[in-house]
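A look at the structure
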Amino acid sequence: VVQFLLRYDILEKKRKGEVSMKIMVDADACPVKDIIIKCAKKYELEIIMVCDVAHMLFYNEDFISVVTVDQGADSADLVIANRTSAGDICITQDYGLASLLLAKKAIVLHPNGFFYTQENIDRMLFERHLSREMRRQKKSRGGHVRKRTKEDDEKFLSALEKAIEKNKTASP
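Notes on the structure follow. From a predicted model like this one, the values you see are computed outputs, not experimental measurements. (Residues numbered from 1 in each chain as written. Predicted model: local features only at pLDDT ≥ 70, side-chain atom pairs only at ≥ 80, totals over all residues. Heavy atoms only, no water.)

Take the packing of aromatic side chains next. Enumeration over the complete set of coordinates arrives at 2 aromatic pairs. Between the aromatic rings of Tyr 95 and Tyr 116, the centroid separation amounts to 5.9 Å while the plane-to-plane angle is 70°, which identifies the pairing as edge-to-face. Taken as a pair, Tyr 95 in helix α4 (residues 95-103) and Tyr 116 in strand β6 (residues 115-116) lie far apart in primary sequence, 21 residues in all. Given the relative accessible area of 22%, Tyr 95 is considered partly exposed. Of the aromatic side chains, those joined through ring pairs into one cluster are Tyr 95, Phe 114 and Tyr 116. (Phe/Tyr/Trp six-rings, centres within 6.5 Å; stacked < 30°, edge-to-face > 60°. Helix = DSSP H or I, 4+ residues; strand = E, 2+ residues; numbered from the N terminus. Buried < 20%, exposed > 50% of the residue type's maximum accessible area, 1.4 Å probe, protein only.)

A few words on the nonpolar core. The biggest cluster of nonpolar side chains holds 27 residues, and the ones touching the most others in it are Ile 23, Ile 36, Ile 47, Ile 91, Leu 160 and Ile 164. At the level of elements, β1 (22-26), α2 (33-43), β2 (46-52), β4 (89-91) and α6 (150-170) are the ones that each hand at least two residues to this core. It is α2 that provides the largest number of residues to this core, a total of 6 residues. Excluding residues that lie within four positions of it along the chain, Ile 47 makes contacts with Ile 23, Val 25, Ile 36, Ile 37, Ala 40, Phe 63, Ile 64 and Ser 65. Counting residues in each nonpolar core, the second largest holds 19 residues, with Ala 76, Ile 80, Ala 81 and Cys 90 among its members. (Core = buried A, V, L, I, M, F, W, Y, C linked by side-chain atoms within 4.5 Å. Contact = heavy atoms within 4.5 Å.)

Mapped onto the elements, Thr 92 comes out in the loop between β4 and α4. Of the polar contacts made by the side chain of Thr 92, one reaches the backbone nitrogen of Asp 94; its length is 3.0 Å. Ignoring sequence-local partners within four residues, the contact set of Thr 92 consists of Asp 26, Leu 97, Ala 98, Val 108, Leu 109, His 110, Pro 111 and Tyr 116. (Polar contact = N/O pair within 3.5 Å; in protein donor to acceptor, adjacent residues only side chain to side chain.)

On to a nonpolar patch on the surface, then. On the surface, Val 53, Met 56 and Phe 58 cluster together to form a nonpolar patch covering roughly 340 Å² of accessible area. Among the secondary structure elements, Phe 58 is positioned in the loop between β2 and β3 (64-69). (Patch = residues over 30% accessible without salt bridge, like charges linked within 9 Å, V, L, I, M, F, W, Y side chains within 5 Å. Areas by Shrake-Rupley, 256 points an atom, 1.4 Å probe, with all protein chains shown as cover. Salt bridge = Lys/Arg side-chain N within 4 Å of Asp/Glu carboxyl O.)

Within the secondary structure, Asp 94 is located in the loop between β4 and α4. Under the relative-accessibility criterion, Asp 94 is labelled partly exposed at 22%. For the pair Asp 94 and His 110, spaced 16 residues apart in sequence, the C-alpha to C-alpha distance is 8.4 Å. Side-chain polar atoms of Asp 94 contact the backbone nitrogen of Leu 97, separated by 2.8 Å.

It is worth stressing that arrangement in space is one thing and function is another; only the former is reported here.
Have a look at this one:
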């Protein structure tokens, strides 16, 4: 009953134009889904998680929608880009998708707790290009991926709440 009422409240606020932002999640291999869910519930926000068929997700919460797409290079990215509006909060590790979402005036956040901005996205895309070239040439840049820590989760939660609070005060 509580979940139904939360979903009803979100839909009613959207209908009245009181809530316009939603949280879009590039959910394939996203390490912070649980944090996003707790935060969205706290602020009564809708979540749309997008994943491909290799990462099927199921949630009982009514404020969470899961969109499952075919496996493909950019299938999830295209759905996220098409469903995102200005002011939405988007969580992704994909620099290319982040660039598209910034162009739509979305707030784009990396699971490590930093914001993608017009000021840093070009550098990130260039670094991604260099990494691909090095892999193509079989030259390694090293690359042990550090295990996620509690501090990483806290940094992400802080950034997400900051984005929500800033967007709430900017909305009518």
